[in-house]
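Close look at the chain arrangement
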Amino acid sequence: MSRIFITGSTDGLGLMAAELLLKDGHQVTLHARSQARAADARTRLPAADAVVIGDLSAIQDMRQVAEQVNALGHHDAVIHNAGVGYREPRRIQTADGLSHVFAINVLAPYLLTALIARPGRLVYLSSGIHTGGEAGLSDPQWEKRRWNGAQAYSDSKLDDVLLAFAVARRWPQVRSNAVEPGWVATKMGGRGAPDDLALGPVTQAWLAAGQDPRTDVTGEYFYHQQTRRTHPAAHDPRLQDALLDYCAALTTTPLPGP
Ligand SMILES: NC(=O)c1ccc[n+]([C@@H]2O[C@H](COP(=O)([O-])OP(=O)(O)OC[C@H]3O[C@@H](n4cnc5c(N)ncnc54)[C@H](OP(=O)(O)O)[C@@H]3O)[C@@H](O)[C@H]2O)c1
């Protein structure tokens, strides 16, 4: 039995992964953006161990989420699932002056990785459309470019793969992998999403639980329990390090060493 923390587990794939893991006898810590959403999550999954609360668009809340998780004790795995999609019609600026999509989809998984007591397994939710992402950090906060929500989302999901692979390289004793869940009909995916919703949460739950020897890998990208090729830039250590350095500077929190 493992103890697993899942961000953004009030709805969609996070909630579904929690359901799968609880059914298999694991202990699950949920995460909600607010007290009201925490109450919803408790109603949906009363078997969950605990719910931590914080809005992942704000650096201060990211820190508080990490503190709450650490106060609960050691977790064997973390699934970095919380995310916002590609439909934001304009650049939304967070309280920290960042792009909303970047803050939730990239900076939050970075800072939680840096601050939560190191688990044995890390899973980062990416997307098939990360392949259309632009590597490099020429304008990560969309201050120079004309806003394009789909591009901002693709960029953020490429950053999630860079982050998973960077952590795999920096922390060799941790199994750090990225997952593409398919385009499925959650709140984010929309009603018309074509892929099988039931398969959407399976791979991240499987990697986090770590009971199958096939999950004893790190620095891989999975789709439906099979490895898949990524955007080639995701394997570039210079781009990985640049992203870690950038997130460290924004949060004044470096990723701890091995
Ligand atoms: N659905 C797809 O087709 C698809 C495809 C590829 C990748 N993905 C990835 O899979 C992951 C989960 O997506 P999903 O489809 O399950 O999305 P979803 O149904 O919209 O659920 C997103 C979850 O993240 C939470 N969340 C969003 N913003 C937050 C914030 N600021 N603070 C705290 N929590 C926040 C949501 O909370 P609330 O419930 O309170 O809103 C919800 O629990 C994402 O990383 C996404 O990029 C999804």
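Worth saying up front: this structure is predicted, and the values here are computed from it rather than measured.

Right, let's talk about the overall build of the protein chain for a bit. A tally of regular secondary structure across the protein chain gives 7 helices and 8 strands. Compactness check: the protein chain gives a C-alpha radius of gyration of 17 Å against a globular reference of 18 Å for 258 residues, within 12% of the reference. Reported as C-alpha extents along the three principal axes, the dimensions of the protein chain are approximately 50 × 40 × 40 Å. Total accessible area on the protein chain stands at roughly 11000 Å², and carbon and sulfur atoms take up 51% of it. When the 25 positive and 26 negative side-chain charges of the protein chain are each reduced to one mean point, those points stand 2 Å apart.

For Gln141, the location among the structural elements is in the loop between β5 (121-125) and α5 (149-170). Among the polar contacts listed, one links the side chain of Gln141 to the backbone nitrogen of Ser99, at a separation of 2.7 Å. Apart from the residues lying within four places of it in its own chain, the contact partners of Gln141 are Arg91, Leu98, Ser99, Phe102, Tyr246 and Leu250.

Further remarks concern the site of the ligand. Thr10, Arg37, Tyr153, Thr186 and Lys187 are the nearest of the 31 residues found near the ligand. Here an oxygen atom of the ligand sits 2.9 Å away from a polar atom, N or O, in the side chain of Arg33. Backbone polar atom of Leu56 to a nitrogen atom of the ligand: 2.9 Å apart, as the coordinates give it. Taking 900 Å² as the accessible area of the ligand by itself, protein coverage stands at 95%.

Attention shifts here to the packing of helix α3 (residues 59-72) against helix α4 (residues 100-115). Following both chains from N to C, one finds α3 and α4 inclined at 40°, their axes separated by 9 Å at the closest point. Between α3 and α4, the crossing angle belongs to the class labelled oblique. Note that α3 runs across α4; the crossing there is right-handed. Here Ile59, Met62, Arg63, Val65, Ala66 and Asn70 of α3 come into contact with α4, specifically with Ala103, Leu107, Ala108, Leu111, Leu112 and Leu115. Of the residues that constitute the contact of α3 with α4, the class distribution is 10 nonpolar, 1 polar and 1 charged.

By the alternation rule, side chains of strand β4 (residues 77-80) split into Ala77 and Ile79 and Val78 and His80, which are all buried. Sheet topology note: the strand β1 (residues 3-6)/β4 ladder contains 3 bridges and is parallel. The residue bridging Ile6 from the neighbouring strand is Ile79, located in β4. Here 4 bridges tie β4 to β5, and the two strands are oriented parallel to one another. Within β5, the residue paired with Ala77 across the bridge is Arg121. With α4 bridging β4 and its parallel neighbour β5, the resulting β-α-β unit is right-handed.

With 41 residues, the main nonpolar core has Met62 and Tyr110 as its most contacted residues. Of all the secondary-structure elements, those providing two or more residues to this core are α3, α4, β5, α5 and α7 (237-251). Top contributing element to this core by residue count: α4, with 9 residues. Filtering out sequence-adjacent residues up to four positions away, Tyr110 remains in contact with Leu163, Leu244, Cys247, Ala248, Thr251, Thr253, Pro254 and Leu255. If you look at the next biggest cluster of nonpolar residues, it comprises 26 residues, including Ile6, Ala38, Ile79 and Ala205.

Procedures and definitions
- Residues numbered from 1 in each chain as written.
- Predicted model: local features only at pLDDT ≥ 70, side-chain atom pairs only at ≥ 80, totals over all residues.
- Heavy atoms only, no water.
- Helix = DSSP H or I, 4+ residues; strand = E, 2+ residues; numbered from the N terminus.
- Rg over C-alpha atoms; globule rule 2.2 N^0.38 Å.
- Areas by Shrake-Rupley, 256 points an atom, 1.4 Å probe, with all protein chains shown as cover.
- Lys, Arg positive; Asp, Glu negative; His and termini not counted.
- Charge placed at Lys NZ, Arg CZ, Asp CG, Glu CD.
- Polar contact = N/O pair within 3.5 Å; in protein donor to acceptor, adjacent residues only side chain to side chain.
- Contact = heavy atoms within 4.5 Å.
- Near = heavy atom within 4 Å.
- Axes fitted to C-alpha atoms, helices over the stretch in contact; angles between N-to-C directions.
- Parallel < 35°, antiparallel > 145°, perpendicular 65-115°, else oblique.
- Left-handed = near helix turned anticlockwise from the far one by under 90°.
- Nonpolar A, V, L, I, M, F, W, Y, C, P; charged D, E, K, R; others polar.
- Buried < 20%, exposed > 50% of the residue type's maximum accessible area, 1.4 Å probe, protein only.
- Pairing = 2+ DSSP bridges.
- Right-handed = clockwise from strand over helix to strand, strands pointing away.
- Core = buried A, V, L, I, M, F, W, Y, C linked by side-chain atoms within 4.5 Å.

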